[in-house]
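# Structure at a glance
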Amino acid sequence: MTAGTLNPRLQEIADDFEAVPGQEKLQLLLEFSGELPPLPGRYAEHRDLMEAVPECQSPLFLAVEVDSDQTVHLFFDAPPEAPTTRGFASILRTGLDGLSAAEVLATPAEFTTSLGLADLVSPLRLRGMSAMLSRIKRQVTKQAGTALAEGAQTGAAQAGAAG
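First, a word on scope: everything that follows refers to the structure included in this document. (Residues numbered from 1 in each chain as written. Predicted model: local features only at pLDDT ≥ 70, side-chain atom pairs only at ≥ 80, totals over all residues. Heavy atoms only, no water.)

### Looking at the packing of helix 1 (residues 8–19) against helix 2 (residues 24–34)
In plain terms, the rule: Fitting a line to C-alpha atoms yields each axis, with helices limited to the stretch in contact; the angle taken between N-to-C directions then spans 0 to 180 degrees. The numbering of helices and of strands both runs from the N terminus, where a helix is a DSSP run of H or I of at least 4 residues and a strand a run of E of at least 2. Put simply, a crossing is left-handed when the front helix is turned counterclockwise from the back one by less than a right angle, and right-handed when it is turned clockwise. By the convention used here, residues are in contact when the closest approach between their heavy atoms is within 4.5 Å. In the scheme used here, Gly and all other residues not listed as nonpolar or charged are polar, with Ala, Val, Leu, Ile, Met, Phe, Trp, Tyr, Cys and Pro taken as nonpolar and Asp, Glu, Lys and Arg as charged.
Direction vectors running N to C along helix 1 and helix 2 enclose 145°, while the axes themselves pass 8 Å from each other. Judged by the twist between their axes, the crossing of helix 1 over helix 2 is right-handed. Where helix 1 abuts helix 2, its residues Ile 13, Asp 16, Phe 17 and Glu 18 lie against Lys 25, Leu 28, Leu 29 and Phe 32. Of the residues belonging to the contact of helix 1 with helix 2, the class tally is five nonpolar, no polar and three charged.

In structure tokens, the structure reads:
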């Protein structure tokens, strides 16, 4: 995947939105909203471990985890009465969760415009989705750098022990 192109899962989502006319895009967004999984206990019981996204018009919190193998995991919390925000979070989770850090970071910032929602959803709401993606990428960069540094230290220690 090169910069400016979407990973296959996000491309499929963008294609799905492109395939449906006007107001039906909102129904598709609502379907995504219903697919947002509940938080695992470690976050449900400790929302202070999550990052607020104040750019969203409804309360949204997210957490990003990057495994030692650079696999990214995303967690979102938004109230059920905020279906647009939940839909955006679910789209990002569906499209990015389980990808490598490099794949997540290669996601173009303008991805949100490829959904064709500009005439149906307020610019403030679309800005919220862009802010979610931006925060995800910032956290991935921070955590992937830490994981890479730890991996290098572990590798150096193992090499020293073997030598």
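### Regarding helix 4 (residues 83–96)
Heads up, the rule is: By definition here, a helix of n residues has an expected span of 1.5 Å times n minus one. Relative accessibility decides the category of a residue: with a 1.4 Å probe and only protein chains considered, values under 20% of the type maximum give buried, values over 50% give exposed, and everything between is partly exposed.
Over its 14 residues, helix 4 runs 20 Å from end to end, which matches the ideal 20 Å to within 8%, given 1.5 Å per residue. For helix 4, the tally of buried residues reaches 10 of 14 residues, placing the bulk of the element in the interior. Residues Thr 85, Arg 86, Gly 87, Phe 88, Ala 89, Ser 90, Ile 91, Leu 92, Gly 95 and Leu 96 constitute the buried set of helix 4. Of the residues trailing helix 4, Gly 98 is marked for its positive phi of about 90°.

### A few points about the sheet that holds strand 3 (residues 72–77)
Note the cut-off: One requirement defines pairing of two strands: DSSP has to find at least two bridges between them.
Taken together, the three strands give an open sheet; going across it, the order is 1-2-3, and neighbouring strands pair in antiparallel fashion. With partners counted over all chains shown, the strands left at the sheet margins are strand 1 (51–52) and strand 3, one partner each. Inspection of the sheet shows strand 1 paired to strand 2 (residues 61–66) by two bridges, in the antiparallel sense. Its bridge partner lying in strand 2, Ala 52 is registered against Phe 61.

### Section: the packing of aromatic side chains
The geometry of an aromatic ring pair is captured by the separation of the ring centres together with the interplanar angle, meaning the angle of the planes. Note the threshold: Stacked, tilted and edge-to-face are the three classes assigned to paired rings of Phe, Tyr and Trp, where Trp is represented by its six-membered ring and a pair needs centres within 6.5 Å; plane angles under 30 degrees give stacked, over 60 edge-to-face, the rest tilted.
Following the criterion strictly, the structure yields two aromatic pairs and no others. Ring geometry for Phe 17 against Phe 32: centres 6.0 Å apart, planes inclined by 20°, an arrangement best described as stacked. Placement of the pair is Phe 17 in helix 1 and Phe 32 in helix 2, with a sequence separation of 15 residues. Note on accessibility: Phe 17 and Phe 32 belong to one class, buried. Considering the side-chain rings of Tyr 43 and Phe 75, the 5.2 Å spacing of their centres and the 40° angle between planes classify their relative orientation as tilted.

### Overview of the pairing of strand 2
The element strand 2 is extensively covered by neighbouring structure, given that five of its six residues are classed as buried. Judged from the six bridges that link them, strand 2 and strand 3 form a sheet pairing that is antiparallel. Within strand 3, the residue paired with Val 64 across the bridge is Leu 74.

### Observations concerning the pattern of salt bridges
The criterion, for reference: What counts as a salt bridge is simple: a side-chain nitrogen of Lys or Arg found within 4 Å of a carboxyl oxygen of Asp or Glu.
Within the structure shown, the criterion is met by six salt bridges. Asp 77 is the salt-bridge partner of Arg 47, the closest N and O atoms lying 3.0 Å from each other. You can see Arg 47 sitting in the loop between helix 3 (41–44) and strand 1 and its partner Asp 77 sitting in strand 3, a full 30 residues away along the chain. Each of the salt bridges in this network shares a partner with another, and the network as a whole consists of Glu 51, Glu 55, Arg 135 and Arg 138.

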